[in-house]
Amino acid sequence: MTRIELTSTAFSDHEAIPRRYSGEGDDVSPPLTWSGVPDGTAELVLLCEDPDAPSGTFLHWLVTGIAPESSGVEEGGTPPGGREWPNGFGRVGWGGPMPPPGHGAHRYFFRLFAVSEALPLHGHVSSDSVHQALNGRELAAGTLVGTYQR
């Protein structure tokens, strides 16, 4: 599978996410840029997940339908052509890091997938249902990991 380069001007891979992007800050999504989307991509899918959440993997952001010719999203924006879905907080769009106080640093995996066809998602989605829908449709992927603790 081809690799997509996914980066942010707000934080480096495996570095701390600034408070501004957290649930205790301004709760705006960080800026992201990407490159290396392969030909034949029908759409891009962006997710941000916290696998360290006490109740299991927590969905912070899911955007489908992103234009394959796009190269990023600005701070607080929606990726071009994208449809935002409800996050684990029950709100549509970005829900910033807000791990339990004293729980240590959590990892936030931003993943961008190039897919061969639109994902068949309906109703309430979870991290598991998104990953199941991605299975067999992935052409390329990129990952950026940020950390946050309270």
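In this report, we go over the structure that sits alongside the text.

Conventions and cut-offs
Residues numbered from 1 in each chain as written. Predicted model: local features only at pLDDT ≥ 70, side-chain atom pairs only at ≥ 80, totals over all residues. Heavy atoms only, no water. Buried < 20%, exposed > 50% of the residue type's maximum accessible area, 1.4 Å probe, protein only. Helix = DSSP H or I, 4+ residues; strand = E, 2+ residues; numbered from the N terminus. Pairing = 2+ DSSP bridges. Phe/Tyr/Trp six-rings, centres within 6.5 Å; stacked < 30°, edge-to-face > 60°.

**Quick look at the pairing of strand β5 (residues 43-50)**
The side chains of a regular strand alternate between the sheet's two faces.
And step 1. The element β5 is extensively covered by neighbouring structure, given that eight of its eight residues are classed as buried.
And step 2. Burial along β5 is two-sided: the face carrying Glu43, Val45, Leu47 and Glu49 and the face carrying Leu44, Leu46, Cys48 and Asp50 are both buried.
And step 3. Looking at chain direction, β5 and strand β9 (residues 106-115) are connected through seven bridges and run antiparallel. Among the inter-strand pairings, Leu46 is bridged to a residue of β9, identified as Leu112.
And step 4. As judged from the six bridges shared by β5 and strand β6 (residues 58-66), these two strands associate in the antiparallel manner. Its bridge partner being in β6, Leu44 is matched across the sheet by Ile66.

**What about the packing of aromatic side chains?**
And step 1. All told, the structure shown has four aromatic pairs when counted by the stated rule.
And step 2. Where Trp94 meets Phe110, the ring centres are 5.8 Å apart and the plane angle is 15°; that geometry is what we call stacked. Of the two residues, Trp94 sits in the loop between β8 (83-84) and β9 while Phe110 sits in strand β9, which places them 16 residues apart along the sequence. The pair formed by Trp94 and Phe110 is uniform in burial state, with each residue classed as buried.
And step 3. By the ring-pair criterion, three or more aromatic residues cluster together here, those being Phe11, Trp61, Trp94 and Phe110.

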